[in-house]
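# Observations on the model geometry
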Amino acid sequence: MSKIKTFEEAVSKFKDNQVIMVGGFLAVGTPERFIDALIEKGVKDLTIINNDTSFVDRGVGRLIVNNQVKKVIASHIGTNKETGRKMNAGEMEVELVPQGTLAERIRSAGAGLGGFLTPTGVGTVIEEGKQKINFNGRDFLIEAPLRADIALLHAYKADKIGNLVYRRAARNFNPLMAMAADLVIVLAENIVEVGELDQDQVVTPAILVDMIVKA
């Protein structure tokens with residue numbers, strides 16, 4: 001079965017109350033067309049996992065402004081004033097996670113791990129509500145893996161079976177998120193024949209990708 005799908009086929013997978021990972025760093029490497037579709041479809045009560053909440057007019061920030069998000073899990077929110085306002089007003093839950101910890105929580109889900117130990121956050125508000133253990137004389141927090149219903153990714157190139165190549169810094173969280181979702185949908189700038197990609201440039205292997213949409 002071909003992984004190349006129409007835009008409409010991909011959008012049909014979007015539902016209320018989903019946990020959605022979105023690739024990108026300040027909207028670089030974010031599949032903006034899928035953000036458009038989420039807004040147009042009006043799905044609500046989403047939990048968004050992203051490195052950041054971008055800006056009010058770009059990336060996942062637009063979903064927040066449009067009141068479609070009930071919870072954000074991210075490493076920082078400072079570039080989107082609406083995220084901070086909603087958090088302080090109690091209108092939206094925000095879970096702030098140190099960036100390295102966020103990446104490892106996503107990777108752990110993809111690797112099938114039950115969690116991991118990290119010293120990051122010990123002695124700060126990050127440790128509130130988390131289990132802490134002492135190992136070899138040092139305190140660590142136990143961090144749980146992060147998994148999503150859908151991962152929405154952006155790739156520079158994809159071949160027809162789903163091997164992905166990213167462009168420079170637009171790679172960011174996309175490869176990790178490809179490992180940690182039940183359904184992985186990719187918006188690809190270019191779709192090429194199998195064998196056209198230099199195998200040394202492939203970052204995300206086809207086995208992790210479910211649907212490919214031409215940008």
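Residues numbered from 1 in each chain as written. Predicted model: local features only at pLDDT ≥ 70, side-chain atom pairs only at ≥ 80, totals over all residues. Heavy atoms only, no water.

Attention now goes to the sheet that holds strand β5 (residues 116–118). If you walk across this open sheet you meet the three strands as β5-β7-β6, and the pairing is antiparallel. Only two strands of the sheet have a single neighbouring strand rather than two, namely β5 and β6 (132–135). On average, each strand axis in the sheet is inclined to that of its neighbour by 45 degrees, with strand direction left out of account. Helix α5 (residues 99–111) contacts β5 and β7 (138–143) of the sheet and is inclined by roughly 170 degrees relative to β5. (Pairing = 2+ DSSP bridges. Helix = DSSP H or I, 4+ residues; strand = E, 2+ residues; numbered from the N terminus. Axes fitted to C-alpha atoms, helices over the stretch in contact; angles between N-to-C directions. Contact = heavy atoms within 4.5 Å.)

Scanning all chains against the criterion turns up 15 salt bridges. Note that Glu 91 is salt-bridged to Arg 85, the shortest N-O span being 3.0 Å. A relative accessible area of 39% means that Arg 85 is categorised as partly exposed. Ionic contacts of the salt-bridge type, sharing partners, join the residues Lys 71, Glu 93, Glu 95 and Arg 105 into one network. (Salt bridge = Lys/Arg side-chain N within 4 Å of Asp/Glu carboxyl O. Buried < 20%, exposed > 50% of the residue type's maximum accessible area, 1.4 Å probe, protein only.)

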